[in-house]
2 protein chains.
Amino acid sequence: MNLNETHDPARRSWVADANDPAGDFPIQNLPFAVFRDAHGAVARGGVAIGSSIVDLATLRACSPFEGLAAEALDAAAESTLNRLMGMGQPAWSALRLALSRALAEGSPLREAVETALVPQSGATFQVPAHIGDYTDMYTSVHHATNIGRLFRPDNPLMPNFKWLPVGYHGRASSIDVSGQRFRRPVGQTMPPGADKPSFGPCKRLDYEFEIGIWMGTGNTLGEPVAIDAADEHVFGLCLLNDWSARDIQAWEYQPLGPFLSKSFATTISPWIVTLEALEPYRVPWTRPDEDPAPLPYLESEDNRSRGGIDLTIEAWLQTSEEREAGAEGHRLSHSTFAHSYWSVAQMIAHHTVGGCNLQPGDLIGSGTQSGPGEGEAAAMIELTQGGKNPVTLADGITRTFLEDGDTVVFKGWCEREGRVRIGFGLCEGTVLPAREL
Amino acid sequence: MNLNETHDPARRSWVADANDPAGDFPIQNLPFAVFRDAHGAVARGGVAIGSSIVDLATLRACSPFEGLAAEALDAAAESTLNRLMGMGQPAWSALRLALSRALAEGSPLREAVETALVPQSGATFQVPAHIGDYTDMYTSVHHATNIGRLFRPDNPLMPNFKWLPVGYHGRASSIDVSGQRFRRPVGQTMPPGADKPSFGPCKRLDYEFEIGIWMGTGNTLGEPVAIDAADEHVFGLCLLNDWSARDIQAWEYQPLGPFLSKSFATTISPWIVTLEALEPYRVPWTRPDEDPAPLPYLESEDNRSRGGIDLTIEAWLQTSEEREAGAEGHRLSHSTFAHSYWSVAQMIAHHTVGGCNLQPGDLIGSGTQSGPGEGEAAAMIELTQGGKNPVTLADGITRTFLEDGDTVVFKGWCEREGRVRIGFGLCEGTVLPAREL
């Protein structure tokens, strides 16, 4: 990796608004998405710079790069990023370095790249890769304890939690990008004290703030990925809203796990921030001294020293009136991915240890990233103690769970003194009324 | 549907061995697969007839059909069947009728079709569609009770079982066709009485006999499929082995369900028998009088009168020595899909009721199809009461769970007096030793 050069805080772009220190998309970020421009041209890969997108299909036509960077640009210009993801870290790094140089002040490629700039404001985004399989994990000890207390008061944290990153398979077909508007789900629930289930719209609709992990190179069935090789298999991260129907979940989830309570919608942010761009925000991965040491396949020096990522996350709620009025809404919670009990590398080492094969474009949700403190709960069910204590949004407006018309907005960014801010953009989704029954 | 004509027991094929009354693939069956011939040509769709395959890519070049049948043939000749699956019941029926007529004795198309015949013996098969999402269900009350007793002695059958078809998401990437050879999985287990988990090869490796349901036309996110429309969305059925690592499962599955214990391998039979071909084997769907009536979205007259399918299933085990010697091995169990507590239509109505979208080529496992009687348990863990009572295969050969080198073979067929036998072919998979640790 060309860390020093592509992360150099002194590097500035000739795209003026990319140099805004409060912006999400400086030249040190360069995240990937798949988009259509305002004229509805065929979907193609793009890279964010300031408030613009480098249209990679247009750029490719100028043949600005050579060697591996040119090969990677060919793949990145396609309508899904799967081929780029499968090319591996050297290709991703070569393309990142070439783009960083081309977008830097004084670049001789400025004229060519300028013709490929498209405003983000007019673009529509789509899921950036064909998702072969979607896995959802459960890596926040705070979330697991908080929610476990509600579902199983006597036994909140399962005995396996501190030994392995718990995960389960999720639904890929219902994943869409930011802007997703979905109907409140309908289903069976068992009301407290009832002797038979009810049928109707979900009454306890919730969000869950997660980090999405996009797989780059995969592994062959039966050949695990070792923990120290795991990061090289990861293309990058996004924000992910694992919308959850709590009342449907409580009734259906025994004994095989959540099913329809999670498969009516899942929203991701369109931009994939590469692990390379997040390199300056690596932090040690730690666990309390009293907790058991991980088994050898989940343990490494490298993981101890830099397994965590200090990524700030925030969840906001806008009522439909606020959204129409252009108001920002209310911050519900904030936390950091650094609190995760298990690291990205540990999730991948565990996922593959039994032989399961991952493929380029697979998506792994980190699990709800609640932190230890008050206001760090990354779901309504935790913030309201199971719906008992409503959250006050503003004068006279409270919520226990989500109401029709509500929009949930996630924001995520890395920021630290002396380093350039790396942002993720937004992950927004809106609840529509249930279908008529 | 042209039931009378395509099911007519009197219709015979000019492909002589298709008229064998004990064969799997008479002219009344006509299942679909994707294969390569012995010369390794590009993968394409095929239809079984006797011991041969109609190579649909070769047939298509002769333009033997017209109208909708010709359009369906174009799609069926591709290297995955997804496009055919998405065309819907009228297209499937038109192609089936055209093929049935072309293969019937006296057909004027005989000469053209004859050039497209390939022996099954030299062909290699592949997964016949791109599987967008794989769902595994849990619809046998006998399996749920038997296995529930082992995992939760006090609470074998969960209270939701008789109210909804329990399901969960499974792993699509590790699914392969009959002939799959996979390494014994490795992972964490918690031995009884231990205070910390062990790591190593699975010691309780099992099979599960399921029926695979291939989705044809899908549904839009948020728009459920009503129970009476559900069968029209189903392209057909296959046999499915949901290999399971019981010791890994017991430790990992709380609270979110099976994960690595099921994602190291899943084997399906290559042939998809269409629902239309199974029409003569429809039977009433019933439940015990004392059980609750299904909620309205899971109930219909049509489902009561013909929701079941009388499909005989058998599981066989061959040791590596027996397999090398060409011996048939030992029948472990036999049952029928007609025992299923929930019908195919109910599974689909439930899967989509909350808004989840199904897509052409999605695969749904029926769950382990154990029957009520002795010898009708469709997994080793049930046959051996959790490994306590070994099964005797032959002189001196016993099994509690699967050993390295063991091959499990599933067979499935429908047969009844006065109707033509409809077979599924074989679903075989072999356990290889675990990787070295």
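Residues numbered from 1 in each chain as written. Chains lettered and ligands numbered in written order. Predicted model: local features only at pLDDT ≥ 70, side-chain atom pairs only at ≥ 80, totals over all residues. Heavy atoms only, no water.

Engineer: Outline the sheet that holds strand β25 (residues 407–414) of chain B, supporting the account with residue identities and numerical values.
Structural biologist: All names here are of chain B. The mixed open sheet is built from 5 strands, whose spatial order is β9-β26-β25-β20-β21. Each having just a single partner strand, β9 (180–183) and β21 (330–336) make up the two edges of the open sheet. Mean inter-strand twist for the sheet, computed between neighbouring axes without regard to direction, equals 20°. Inspection of the sheet shows β9 paired to strand β26 (residues 422–432) by 4 bridges, in the parallel sense. Paired with Phe182 across the bridge in β26 is Val431. (Pairing = 2+ DSSP bridges. Helix = DSSP H or I, 4+ residues; strand = E, 2+ residues; numbered from the N terminus. Axes fitted to C-alpha atoms, helices over the stretch in contact; angles between N-to-C directions.)

Engineer: I'd like to hear about the packing of helix α3 (residues 67–76) of chain B against helix α5 (residues 89–103) of chain B, residue by residue, with values.
Structural biologist: For any two helices packed against each other, one specifies the inter-axial angle together with the distance between the axes. Residue and element names in this part refer to chain B. In the contact formed by α3 and α5, the axes pass within 8 Å of each other and the chain directions differ by 95°. If you check the angle between α3 and α5, you find them roughly perpendicular. On α5, the residues that touch Leu68, Ala69, Ala72, Leu73 and Ala76 of α3 are Pro90, Ala91, Ala94, Leu95 and Ala98. Split by residue class, the contact of α3 with α5 holds 10 nonpolar, no polar and no charged. (Parallel < 35°, antiparallel > 145°, perpendicular 65-115°, else oblique. Contact = heavy atoms within 4.5 Å. Nonpolar A, V, L, I, M, F, W, Y, C, P; charged D, E, K, R; others polar.)

Engineer: Account for the interface of chain A and chain B, with residues named and values stated.
Structural biologist: When the parts come together, some accessible area is lost, and that loss is often what is quoted as the size of the interface. On the chain B side, the residues contacting the 58 residues of chain A number 58 residues. With both sides pooled, the region where chain A packs onto chain B buries about 5,500 Å², and carbon together with sulfur makes up 62% of that total. Taken together, the connections running from chain A to chain B amount to 6 salt bridges. Ionic pairing is found between Glu223 of chain A and Arg183 of chain B, a salt bridge with its closest N-O pair at 3.6 Å. Viewed at the interface, chain B and chain A are joined by 25 residue pairs in polar contact (both at pLDDT 80 or more). Taken together, the elements giving at least two residues each to the side of chain A that touches chain B come down to β6 (134–138), β7 (166–170), β9 (180–183), β10 (186–189), α9 (246–252) and α12 (344–353) of chain A. No other element matches β7 of chain A, which puts 5 residues into the side of chain A that touches chain B. Residues that form the side of chain A that touches chain B fall into these classes: 29 nonpolar, 20 polar and 9 charged. (Buried area = accessible area lost by both parts, 1.4 Å probe. Salt bridge = Lys/Arg side-chain N within 4 Å of Asp/Glu carboxyl O. Polar contact = N/O pair within 3.5 Å; in protein donor to acceptor, adjacent residues only side chain to side chain.)

Engineer: Explain the relation of the copies chain A and chain B to me, and be specific about the residues and the numbers.
Structural biologist: Here chain A sits on chain B after a turn of 180° about the axis and a move of 0.0 Å along it, with an RMSD of 0.0 Å. Between the two chains, the operation in question is that of a two-fold axis. Taking the C-alpha atom as reference, chain A places Gly257 of chain A closest to the rotation axis, 2.1 Å from it. Here 100% of the interface residues in chain A have copies in chain B that are interface residues too; the copies meet face to matching face. (Least-squares fit on C-alpha atoms with pLDDT ≥ 70 in both.)

Engineer: Quick one: what's the story with the sheet that holds strand β1 (residues 32–36) of chain B, residue by residue and with numbers?
Structural biologist: Note: strands within a sheet are paired through backbone hydrogen bonds, in either parallel or antiparallel orientation. Residue and element names in this part refer to chain B. Within the open sheet, the 5 strands sit side by side as β4-β3-β2-β1-β5. Their pairing is antiparallel. Edge positions in the open sheet fall to β4 (117–119) and β5 (124–126), since each of these has one partner strand only. Each adjacent strand pair in this sheet contributes to an overall mean axis angle of 50°, direction not counted. Here β1 pairs with β5 via 3 bridges, running antiparallel. Across the sheet, the residue bridging to Val34 is Gln126, located in β5.

Engineer: Which residues make up the domain arrangement of chain A, and what are the values?
Structural biologist: All names here are of chain A. Considered domain by domain, chain A is made up of domain 1 (5–126) and domain 2 (134–432). With 32 residues of domain 1 in contact, the opposing surface of domain 2 contributes 28 residues. In total, about 2,300 Å² of surface goes out of reach between domain 1 and domain 2, with carbon and sulfur atoms giving 66% of it. At the boundary of domain 1 with domain 2, the tally comes to 2 salt bridges. The interface formed by domain 1 and domain 2 contains 13 residue pairs in polar contact (both at pLDDT 80 or more). Secondary structure elements with two or more residues in the side of domain 1 that touches domain 2: α1 (3–7), β1 (32–36), β2 (44–49), α4 (82–87), α5 (89–103) and β5 (124–126). Looking at the side of domain 1 that touches domain 2, the element that brings in the most residues is α4, giving 5 residues. In terms of residue class, the side of domain 1 that touches domain 2 is built from 17 nonpolar, 13 polar and 2 charged. (Domains from an automatic or database assignment.)

Engineer: Outline the pattern of salt bridges, supporting the account with residue identities and numerical values.
Structural biologist: Side chains that carry opposite charge are capable of pairing whenever their charged atoms lie near each other. Residue and element names in this part refer to chain A. For the structure on display, the rule yields 58 salt bridges over all chains. Residue Asp74 is joined to Arg60 by a salt bridge in which the shortest nitrogen-to-oxygen separation is 2.7 Å. One end of the pair, Asp74, is in helix α3 (residues 67–76); the other, Arg60, is in helix α2 (residues 56–61), with 14 residues separating them in the sequence. Residue classification places Asp74 among the partly exposed residues on the basis of a relative accessible area of 31%. The exposure class assigned to Arg60 is partly exposed, which follows from its relative accessible area of 40%. Ionic contacts of the salt-bridge type, sharing partners, join the residues Asp206, Glu208, Asp242, Arg246 and Lys262 into one network. (Buried < 20%, exposed > 50% of the residue type's maximum accessible area, 1.4 Å probe, protein only.)

Engineer: Quick rundown of unusual backbone geometry? Include the residues and the values.
Structural biologist: Residue and element names in this part refer to chain A. Across the junction of Gln254 and Pro255, the peptide omega takes the value 5°, indicating a cis bond. Backbone geometry at Gln385 places phi at a positive 50°, although glycine is not the residue there. Tracing the sequence through the fold places Gln385 in the loop between α13 (380–383) and β23 (391–394). Take Gln385: its relative accessible area is 36%, and that puts it in the partly exposed class.

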